[in-house]
Every structure is written in C-alpha cells, then in structure tokens.
Amino acid sequence: MTNVTTIDLRASVGTFTVHVAAECKPGDVVAVVGPNGAGKSTFLRALAGLIPATGTLTVGGVDVLDRPPARRHVGWVPQDGALFPHLTALDNVAFGLRGRQGRPAAQRWLDRLGIGDLAHRRPAALSGGQAQKVALARALAREPRVLLLDEPLAALDVEARTDVRRSLRAHLGDFDGVTMLVTHDPVDVMTLASRVLALDAGAVVQDSTVTGVTTAPRTPWLAALMGSNGFYARTAAGALALDGGGVLVAADMPAGDGVDVLAVVPAHAVAVHRGRPEGSARNVWPATVRDLAVVGGRVRVTLGGAPTVLADVTTAAAADLGLAEGVDVWASVKATEVTVVVL
Amino acid sequence: MTRTRPPLSLTTAAVAGAAFLLLPLVSLADRTPWHSLPHLLTTTSAVTALRLSLECSLGALALSLVVGVPLAWLLARVDFRGKSVLRAAVTLPLVLPPVVGGVALLLAFGRHGVIPLSLAFTTWGAILAEAFVALPFLVLAVEGALLGIDERYDDVAATLGSGTTRTFFRVTLPMVLPALAAGSALAWARALGEFGATITFAGNLPGSTQTLPLDVYLTLQNDPDAAVALSTLLLALSLVVLVAMRSRWRLTR
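Rules and cut-offs
Residues numbered from 1 in each chain as written. Chains lettered and ligands numbered in written order. Predicted model: local features only at pLDDT ≥ 70, side-chain atom pairs only at ≥ 80, totals over all residues. Heavy atoms only, no water. Helix = DSSP H or I, 4+ residues; strand = E, 2+ residues; numbered from the N terminus. Contact = heavy atoms within 4.5 Å. Areas by Shrake-Rupley, 256 points an atom, 1.4 Å probe, with all protein chains shown as cover. Salt bridge = Lys/Arg side-chain N within 4 Å of Asp/Glu carboxyl O. Buried < 20%, exposed > 50% of the residue type's maximum accessible area, 1.4 Å probe, protein only. Pairing = 2+ DSSP bridges. Buried area = accessible area lost by both parts, 1.4 Å probe. Polar contact = N/O pair within 3.5 Å; in protein donor to acceptor, adjacent residues only side chain to side chain. Nonpolar A, V, L, I, M, F, W, Y, C, P; charged D, E, K, R; others polar. Patch = residues over 30% accessible without salt bridge, like charges linked within 9 Å, V, L, I, M, F, W, Y side chains within 5 Å.

### Some points on the overall build of chain B
Scanning chain B from terminus to terminus reveals 12 helices and zero strands. Of the regular secondary structure in chain B, the N- to C-terminal order runs α-α-α-α-α-α-α-α-α-α-α-α. Overall, chain B is about 65 × 65 × 30 Å in size when its C-alpha atoms are taken along their principal axes. Looking at chain B alone, contacts between residues at least 24 apart form 71% of all its contacts between residues at least 6 apart. Element-wise, carbon and sulfur atoms account for 71% of the exposed surface of chain B, whose accessible area totals about 14,000 Å².

Laid out in structure tokens, this is it:
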C-alpha cells in the first residue's frame, strides 16, 4: 500500500520526549487527545517538520522525514489560525500558492468554505470563526496529504464553534488525506473523528476507534473525557480492589485474581441518596459532597469517599436531596453499570 | 472616581522640572529673530550646512537600516554564544560619550587605523560617525518588535512553502513596519543632531563635514543671531519627528 501514512516518530523538547507510532489510511480523521503536557502539540510540530525528530515518516509511500516543512505535503493550522495580520484573507490563502494561478485558486478555496465575500478583509476584521476558516482554506489550498489541526475550535464561542465544526465536517469528509485533530472536546471526537490516538506523558496510551474509547477507555483521563469515572484496579476475590481505595463489584468480571484493569463507571450511573439505600445496587458506599457544577442542564456532583466519583443528577434531584458542599450522602452503582477494561 | 490631592512637595518639584525643560526652549523661541529668519537660513553657509546635514543624516539612516535590521533580527531570532556581549555592544553608543566614539572611529577607520579606509575628515566619515550613534535606536526598536512577534508566523510560513528569506521579507518585515518607522525617525533625529563623534572623526570642514550642529557651535562665536536661527530650525525638525512619532504610536495602540 503506497497510500498509507506511516508514523513512528520520536521528538524531544528539552528533557521531554514524545514517541508516537501509528499507521493511517487516506481519509482517516484522527483525534489526538490527552491531558495538557501529554505531547500533542509537540507531536504535530514534529510531523510538520518544525522540530527535529527521528524515526520514520512516510506520507503516501514517500519518506519525508528528512525534508523541510515546505516539502512534506503537510498542512498545519496552529491554534487560533495564526493568519498573517498584514495580509488580506485572499493573500493569506494565496501565500502558499505560487504563480499567476495563486489568487484565483485562493478565491475558489474561500468560496468553497463559504467566505468568498470576505476575501479582501484583513484578519483583524474577521470573527474568530471566519479566521479559522481562512486558516483552514490556507492549509487545504496546498492540497496536503496530511492536515494538522491544533485545537481549531478551542478559541471560539459556542455559536462559531458549531458553525466551524459543520464546515470541518464537510471538508474533512471530502479530504482524501490524513487529518490529525488535536482537541479537548469530546463532541469533536464523536462528530469529526474516525479514530482516536490518546497520548499521555509523551507516549500513546490508546489507539482505537471512537467507539473503542467510549466503551473501553484505557486511562482515567480518557474515561473522564467521555463523561465516565475511571479507576485503576486489580481483581481480587471476585471484586475490584481500586488502587485509590475502595472496592467495586462488576457483573462481568475477568477470570482470576491479580489482573490489572480500569473500572469504568458512567457519571449518570452513580445514584445519590441521603440515607443508606435499600435497593438492589451491589456497590454502595458513604460519601461527602465536595463540589457541585451545572453541566448541560444536569448537576455534576463530586462525591468524596472510597472511591471519589463524579455523579450526574438532575437539577430536580439535586434540589430534592438538598445537595450542598459538605453534605453527607450515600453513593450507589449497579454491578451491571461497571465496565471492566483489562489493561 | 475620587482623586487624591497630590502632595505639595512633589507638585513643586515637578513644576520646577517642567520649567527646567521648557524655559530654554521658550528662551530660544523668544530670542529667535523671526523677521530676519528667512534671510539667516538662506545664507550660503547655512544652506550648505543644511544640505550636508540632510545628506549625512539620511546616509546614516540608510546605513543603519542596511546593517541594523539584520542585526536586530540576529539578536531577536538566533541563539548564539556571545549574544549578550553583542547586545551590549549595540547598546553602548547610547551611553558612550560621542567624542569617545569619534576617537574610537578614528583608531578603527582613520588613516592609521586598523582598517585604514582614510574616511576620517570626509563626508563619508561624517555619515559613519552619525550612523555609529544612531544605529542603537534603530536596532533596539526593531529587536523589541521582533521579540513581540509570535514565532508561529515563521512556522506557518515554512509549512506553506516559504523559505527563510521570503518569510523575512513577506511576513516578518511587514509586521515590524511600525517599529521600523519609529526607530528610523529616532535614529534620523539622533544622526541630525550628532556633534561630538562627527567633529572628532570627520572634523569641521565647511561643505564636506560641517553639519548644522557644528555650524551652530561655530557661528555662535561671531554671529549669535544666525546661530539662534539655525538652532530654531533644528528644534523645529525635532518637533516634527516627535509629532510624527506620536501619531504613529496612536496608530499602533
């Protein structure tokens, strides 16, 4: 296969080293996720050739590791777009195109992104969403084989984010190269990506489909990204002994003791009670309300205990239970709601 | 909004300071023989000095631009050993007594200098002396602006197929243009008023090295009115630079 993009890169910034190996097919949209400092931006800069890297990088069957950024067939859209402030939108897009055909081609790209009428505006006169589209047009105009998007929606307000996301969805669908999309937003992962590459401390911790990450995240951080609690644990006597304290029982347990797993509990599966519940839930433990936050019409409650969990309850339930910081409650989770990911 | 009353002692000192700065300028304007000004500024020697001053100061500015912008770029963008030493060397003419600069230039580029170019006591010598003192203004202004530019612009340009040189002229330079203009104005004004380094290195030869400030100094001995007239002209030019820079600052804010 010559269309495959093979990545096996090692890059260092100071004492921090990032090592990523992955193989991508044309049309792949890879969400690159991970906590701050995981090495996402460093990985992207290494791909673009902006920092030195060792290993292998073949794009469409061609080894480009020793090439300068200009000749890697890699397009890079940094955070906030970084449009040249002294050039119009049109000249920004035409910057990477040579010759007489540059400007007409740039205009066509702006038209395709629905912002053709803004061609003669300077970046200062563009909204955040418009600027992001110009930056996208500028990268796409050079017809790269690999497109790097570094948090393209992070700096936008909610409305612009929806608009640019729709644009991205349309154009990434048409794009037959590989897209690497750094994001912190699970909505981006679910609506734009076909695949997830999760980094932590400079290494790949998960490389799977989007469904793979939602159903079987391999780190607590990934579980939290998808709205679940994740606990490192070890099987012991038919239960899960959590590394951070506490015990959980799952309906579906791996065989044997001493198996390292991640126990995943969706936040909406955690029930909160004022008194000790009498129901059938097999996991019941006392806890104290540490923090309350309203997220998307529901209340996200941090319950301190063994284990400490996040619970999503309705605003009505929160009011009914009289939840407030410092209130003592009981948490319960059905065994069928605990997913066990063998590590 | 409540305002605290400034203490009397501070106010008094501040007023004294303002008077100290303004009084000489007011005196100069007061003593200027306004009715004979056109005549005094069009005498052969005045016109010669003025023309020479413009030539030399613009020449010094051109020289400063040609070497100063790359110097600023080097200081802002490239890491190398001895960078702090270079930056100190670039800044030194700001605080160095100009006459010392003149002596140093003489030892470097004079007839018996390290590089014997025989530039001393020529118009080129005057240009060199003025550039020596004006250069820091330009370099510091441009370096400051370069440091303020996000290097991601260079990176983006690189991924868009632009080489370093093209990026410099199409991206970096346009972005520092306001600072370049401000630095140029300051450097030009400094070059125009240069006295010590010029008289030491280039001498005081009417028509070839006797610039306006030198002319003022000499004329003051035997024709005070003419000296005052030339001084007023230099003051006016300084004010023009100041006003031009003020509007530039407003634009960039």
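What follows continues from the structure just given.
### Things to note about the pattern of salt bridges
Residue and element names in this part refer to chain A. Inspection of the entire model under this criterion finds 18 salt bridges over all chains. The shortest N-O distance in the salt bridge between Asp-163 and Lys-133 comes to 3.0 Å. Of the two residues, Asp-163 sits in helix H5 (residues 158-174) while Lys-133 sits in helix H4 (residues 128-140), which places them 30 residues apart along the sequence. Taking the relative accessible area as the measure of exposure, Asp-163 reaches 31% and is therefore partly exposed. Among the residues examined, Lys-133 registers a relative accessible area of 10% and is labelled buried. Linking Asp-163 and Arg-166 is a salt bridge whose minimum nitrogen-to-oxygen distance equals 3.9 Å. One end of the pair, Asp-163, and the other, Arg-166, are both in helix H5, three residues apart, so they sit about a helical turn from each other.

### As for the sheet that holds strand S13 (residues 247-248) of chain A
Spatially, the five strands line up as an open sheet ordered S13-S12-S11-S14-S20 (chain A), and their pairing is antiparallel. Of all strands in the sheet, those bounded by a partner on one side alone are S13 and strand S20 (339-342) of chain A.

### Things to note about the interface of chain B and chain A
Taken together, the contact between chain B and chain A spans 15 residues of the former and 21 residues of the latter. On the chain B side of the contact with chain A, Arg-152, Thr-159 and Leu-160 of chain B bury the most area, a combined 38% of that side's loss. Where chain B packs against chain A, one counts one salt bridge. For the salt bridge of Arg-45 of chain A with Asp-155 of chain B, the shortest nitrogen-to-oxygen distance reads 2.7 Å. At the junction of chain B and chain A, the tally comes to seven residue pairs in polar contact (both at pLDDT 80 or more). For the side of chain B that touches chain A, the secondary structure elements donating two or more residues are helix H7 (152-159) and helix H8 (164-175) of chain B. With seven residues, the top contributor of residues to the side of chain B that touches chain A is H7 of chain B. Partitioned by chemical class, the residues of the side of chain B that touches chain A number eight nonpolar, three polar and four charged.

### A closer look at a nonpolar patch on the surface
A grouping of Phe-20, Leu-21, Leu-22, Leu-25 and Val-26 of chain B is seen on the molecular surface, where their side chains present a nonpolar patch of about 540 Å² in accessible area. On the secondary structure map, Val-26 of chain B appears in helix H1 (residues 8-31).

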